[in-house]
Amino acid sequence: MKMRQLSAFILLTLAVLATARPKTEPAQKCKIGPVDLVFLIDSSRSVRPHEFETMRKFMIDIINTLDIGLNATRVGVVQYSSQVRTEFTLKTHARLSNIVKAINQIIPLAQGTMTGLAIRYMMNEAFTAEAGDRPKVPNVAVIVTDGRPQDRVAEVAAEAREKGIEIYAVGVARADMTSLRAMASPPFEDHVFLVESFDLIHQFGIQFQDKLCAIDLCAERKHNCEQICVSSPGSFTCDCNKGYKLNNDQRTCSMIDYCSFGNHSCDHECVSVLNGYRCRCNEGYRLLEDGKTCQAIDLCAEGKHDCEQICISAPGVYTCDCNNGYTLNEDEKTCTPIDLCAEGKHDCEQICVSAPGVFSCDCNKGFKLNKDKKTCTNMNMCNTVEHGCEYQCVSTPGSYHCICPEGQLLQDDGRSCGTCKSANIDLVLLIDGSKSVRPQNFELVKKFVNQVVDSLDVSAHGTRVGLVQYSSRVRTEFSLNMYHTADEIKAAVMKVEYMEKGTMTGLALKHMLENSFSEAEGARPLSRNIPRIGLVFTDGRSQDDITEYAKKAKEVGITMYAVGVGKAVEDELREIASEPVEKHFYYTTDFTAISTIAENLKLSVCPEESQGEIEVKDPCACESLVEFQQATMNSLEQLTQKLAGMTARLEQLENQLFSRK
């Protein structure tokens, strides 16, 4: 009885051993050719100890099916959590038993889940020549994780795949499918596996073995054939398409060059094609119907250009040019007339009239062109028209105006003279706003201007006032036609802001002459004979030359007054002032005294007159007989001057009547 029981136990044991044998002894090894395989395993704290043991067994089961060796499949293991650690590299172990032993000795890190960090580490450290990675040997990575990554994985996984690493992503239990697909190589149905628990992870091992062992190097593009890959177990050979031949490197192909045989009649270039050749023309030529001869392409003749004037052809291209008198623009297509006048390439004295590439000269109104066709001569209007001036006619370019003797003013008719005209003048004041004036004194200057304004009969048809301030530059504060009442002008004066800086009196005179007394800024036409008066107020030496424009201002009939204060230079003031200088030049050492100048200036602009009546003072109202006599003599002197003026006027009228007879 005991013997039968023992025999039954032995048979049962053998049966158990026979049944267990396939699990401990691997089947025939998978001959897939050389592969560098790295396991990247998640050992975060969410992986429990018994689950980690299942992961060990999973790795051991897979490598048991592989042909392990330094010249066959190499295996490395990297584990990660919040940090990454290499357990052994691809070149550490050449024997299966050593790899199994090393896997059993792995101690889990038990921290976070930094999968992106681990992939970058694997790419930069595990698959390197130093770690045992072999050139031209497929790189395969198996990533095993049980949770969602705590960092970004898509970008680094894509970078790893671009470097040729084929990635299998195995997710267990809590793993995120989106993250697995972001890590794995395409197609996802072959490279992404998700199981409910670690107990089922062996299912991936079976599928992985099937995928890995069935690798078709040609189908998987694990080759470098240029055209045709011919697959063989664990290897491949290259071939070429029809019309090509395999090169000595046994990888690339070259087309059979029929042109090199020399049996062609191409005009320009022979181009080999499959099973023959064709002719091609150089740039700028076209192939004719015979397929051999080349003809130059004339884009100009065919109208295929955008030149504005002249098209110059060359084979297949063109350039543009311009007619005489024109220049080619930067777009190299359009033309611009050469304006010799604008470029200053002429010798006209006054007006240059431009035509493309040439010019002619002309003169301003009141001038005529001389025989040299360049210079101009002033036409003296006083000699060519009946001007009717009582005292003197002054010719200006294209016009004329009348002037009166010293002490008299031109009347409203623009021809006769009188001792005073209190209204109907154009007055422009030039005030010095240089740094030396100082702000407090500049306020006194503005009060001085307003004192002058108070003495005038301001209106649109009477006296007009303009104000210009200057320092290193010139600024029109208001023009002659801006304000029409004294109150408006005085308010505008008080708002003027102090400029500071230098003293460019010459520049201010130029501005007054060319701008302030222009009709555009309110000066009335010279034909109306409205007196033009310029008043310059300065406190120092001019930093530029005043001679030219002081002279020109007086030559065109502007009566110039010069008022100087402090460091003003007397010679400059006299040069600005009209004749007689003593009546048009004022100076004081102190700004506080300029109000007195304003009173005197009022008398000079319009001296008081008796409106045709002689004022004789009552002798009893005088302090002395001498004073009475002096007042009476002054009145008689004024009357005598008026009678002399009337006599001169009568003589002039008689002469005109006589000349008409």
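An account of the accompanying structure is given in this report. (Residues numbered from 1 in each chain as written. Predicted model: local features only at pLDDT ≥ 70, side-chain atom pairs only at ≥ 80, totals over all residues. Heavy atoms only, no water.)

This paragraph deals with the overall build of the protein chain. What the protein chain contains, in helices and strands, is 17 helices and 32 strands. Looking at the protein chain as a whole, 40% of its 661 residues qualify as buried. Considering only contacts within the protein chain whose residues lie at least 6 apart along the sequence, 58% involve residues at least 24 apart. Surface exposure of the protein chain reaches about 36800 Å², of which carbon and sulfur atoms provide 51%. (Helix = DSSP H or I, 4+ residues; strand = E, 2+ residues; numbered from the N terminus. Buried < 20%, exposed > 50% of the residue type's maximum accessible area, 1.4 Å probe, protein only. Contact = heavy atoms within 4.5 Å. Areas by Shrake-Rupley, 256 points an atom, 1.4 Å probe, with all protein chains shown as cover.)

Let us now look at the side chain of Asp-42. By secondary structure assignment, the location of Asp-42 is in strand S1 (residues 35-42). For Asp-42, a relative accessible area of 0% puts it in the buried group. A polar contact of 2.8 Å, which involves the side chain of Asp-42, links it to the backbone nitrogen of Ser-44. For Asp-42, the side chain forms a polar contact with the side chain of Thr-145, separated by 2.9 Å. (Polar contact = N/O pair within 3.5 Å; in protein donor to acceptor, adjacent residues only side chain to side chain.)

The next point concerns the pattern of salt bridges. A complete count under the given rule lists 23 salt bridges for this structure. For the salt bridge of Asp-61 with Lys-57, the shortest nitrogen-to-oxygen distance reads 3.0 Å. Of this pair, Asp-61 and Lys-57 both sit in helix H2 (residues 49-64), four residues apart, which is roughly one turn of that helix. A relative accessible area of 31% means that Asp-61 is categorised as partly exposed. Using a relative accessible area of 53% as the deciding quantity, one classes Lys-57 as exposed. (Salt bridge = Lys/Arg side-chain N within 4 Å of Asp/Glu carboxyl O.)

Next up on the list: the packing of aromatic side chains. Two numbers describe a pair of aromatic rings. These are the distance of the centres and the angle of the planes. Evaluated as defined, the whole model comprises four aromatic pairs. Consider the rings of Phe-39 and Phe-58, whose centres lie 6.4 Å apart with planes at 85°: the pair is edge-to-face. Residue Phe-39 is found in strand S1, and its partner Phe-58 is found in helix H2; the two are separated by 19 residues along the sequence. Here Phe-58 falls in the buried class, since its relative accessible area comes to 3%. Ring geometry for Phe-448 versus Phe-537: centroids 5.2 Å apart, planes at 45°, classification tilted. One end of the pair, Phe-448, is in helix H10 (residues 439-454); the other, Phe-537, is in strand S30 (residues 532-538), and 89 residues separate them in sequence. In this structure, Phe-448 and Phe-537 share a single accessibility class: buried. (Phe/Tyr/Trp six-rings, centres within 6.5 Å; stacked < 30°, edge-to-face > 60°.)

Moving on to the environment of Lys-345. You can see Lys-345 is positioned in the loop between strand S18 (335-337) and strand S19 (351-355). Contact partners of Lys-345, with chain neighbours within four places excluded, come to Leu-340 and Phe-359. Of note is the side chain of Lys-345, whose polar atom sits 3.3 Å from the side chain of Glu-343.

Attention now goes to the nonpolar core. Counting residues in hydrophobic clusters, the biggest one holds 32 residues, and the most contacted among them are Leu-427, Phe-448, Leu-535 and Phe-537. Elements with a contribution of two residues or more to this core: strand S27 (426-432), H10, strand S28 (464-470), helix H11 (486-494), S30, strand S31 (558-565) and helix H16 (594-605). In terms of residue count, H10 provides more of this core than any other element does, six residues in total. One finds Phe-52, Tyr-168, Val-195 and Phe-198 within the second-largest nonpolar core, a separate group that totals 31 residues. (Core = buried A, V, L, I, M, F, W, Y, C linked by side-chain atoms within 4.5 Å.)

So, about the sheet that holds S27. Taken in spatial order, the six strands line up as S29-S28-S27-S30-S31-S32 in an open sheet, and their pairing is mixed. Each of the sheet's edge strands pairs with one partner strand only, and the pair in question is strand S29 (474-478) and strand S32 (585-588). Across the sheet, the mean angle separating the axes of adjacent strands is 20° when strand polarity is ignored. Sheet analysis places S30 next to S31, joined by seven bridges and oriented parallel. Considered in S31, the bridge of Gly-534 is made with Met-560. Where helix H12 (residues 505-516) meets the sheet, its contacts fall on S27, S28, S29, S30 and S31, and the angle it forms with S27 comes to roughly 155°. (Pairing = 2+ DSSP bridges. Axes fitted to C-alpha atoms, helices over the stretch in contact; angles between N-to-C directions.)

The six strands lie next to each other as S3-S2-S1-S4-S5-S6, forming an open sheet whose pairing is mixed. The strands lining the two open edges of the sheet, one partner per strand, are strand S3 (84-88) and strand S6 (192-195). Taken pair by pair, the neighbouring strands of this sheet meet at an average axis angle of 20°, ignoring direction. Sheet strands in contact with H2 are S1, strand S2 (73-80) and strand S4 (139-145), and its direction is about 170° off that of S1.

Before going further, it helps to spend a moment on the packing of H12 against helix H13 (residues 547-555). Relative orientation and spacing of two packed helices are given, respectively, by the angle between their axes and the distance between those axes. Remark: H12 packs on H13, axes separated minimally by 8 Å, with the N-to-C direction vectors making an angle of 30°. Between H12 and H13, the angle falls in the class roughly parallel. Note on packing geometry: the crossing formed by H12 with H13 is left-handed. Residue-level inspection shows Gly-506, Leu-509, Lys-510, Met-512, Leu-513 and Glu-514 of H12 in contact with H13, the latter providing Tyr-549, Ala-550, Lys-552 and Ala-553. (Parallel < 35°, antiparallel > 145°, perpendicular 65-115°, else oblique. Left-handed = near helix turned anticlockwise from the far one by under 90°.)

By the burial criterion, the buried members of H13 are Tyr-549, Ala-550 and Ala-553. Down the axis of H13, the sector holding all buried residues measures 105°, keeping them to one side. Its buried side turned inward, H13 meets H12, S31 and helix H14 (570-576). Of the residues flanking the end of H13, it is Gly-557, one or two places downstream, whose phi is positive at about 95°. (Arc of directions from axis to C-beta.)

On to empty space enclosed by the protein. Considering all chains together, one arrives at three cavities of 30 Å³ or more under this definition. Every residue lining the second largest cavity is listed: Val-428, Gly-466, Leu-467, Val-468, Thr-476, Phe-478, Ser-479, Leu-480, Ser-516 and Glu-521. Counting only elements with at least two residues in the lining of the second largest cavity, the list comes to S28 and S29. For the lining of the second largest cavity, the leading source of residues is S28, giving three residues. A breakdown of the residues in the lining of the second largest cavity according to their chemical character gives five nonpolar, four polar and one charged. (1 Å grid on protein atoms, 1.4 Å probe; cavity = no way out; pocket = protein on both sides within 12 Å on 5 of 7 lines; lining within 4 Å. Points joined across faces, edges and corners; volume = space filled by probe spheres on them. Nonpolar A, V, L, I, M, F, W, Y, C, P; charged D, E, K, R; others polar.)

Right, let's talk about the packing of H10 against H11 for a bit. Two elements in contact, H10 and H11, have axes separated by 9 Å at closest approach and are oriented at 170°. Viewed along their axes, H10 and H11 adopt a mutual orientation that is roughly antiparallel. Judged by residue contacts, Glu-443, Lys-446, Val-449, Asn-450, Val-453 and Asp-454 of H10 engage Ala-486, Ile-489, Lys-490, Val-493 and Met-494 from H11.

Relative to the helices and strands, Val-153 is located in the loop between S4 and helix H5 (154-162). With 26 residues separating them in the primary sequence, Val-153 and Ser-179 have C-alpha atoms 7.2 Å apart. Non-local contacts of Val-153, meaning those with residues more than four positions away in its chain, are made with Thr-115, Gly-116, Ser-179, Ala-182 and Met-183.

When we look at burial in helix H3 (residues 96-104), the residues that qualify are Ile-99, Val-100, Ala-102 and Ile-103. In an axial view of H3, the angular spread of the buried residues amounts to 165°, which keeps them on one side of the axis. Packed against the buried residues of H3 are H2, S2 and S3.

With that settled, the discussion passes to the pairing of S19. As defined by bridge partners, S19 adjoins strand S20 (residues 358-362) across five bridges and the pair is classed as antiparallel. Paired with Ser-354 across the two strands is Phe-359, which belongs to S20. Following S19, the chain reverses through two residues before pairing antiparallel with S20; Gly-357 in that reversal takes a positive phi of roughly 80°.

These results come straight from atomic positions and should not be treated as a statement about function.
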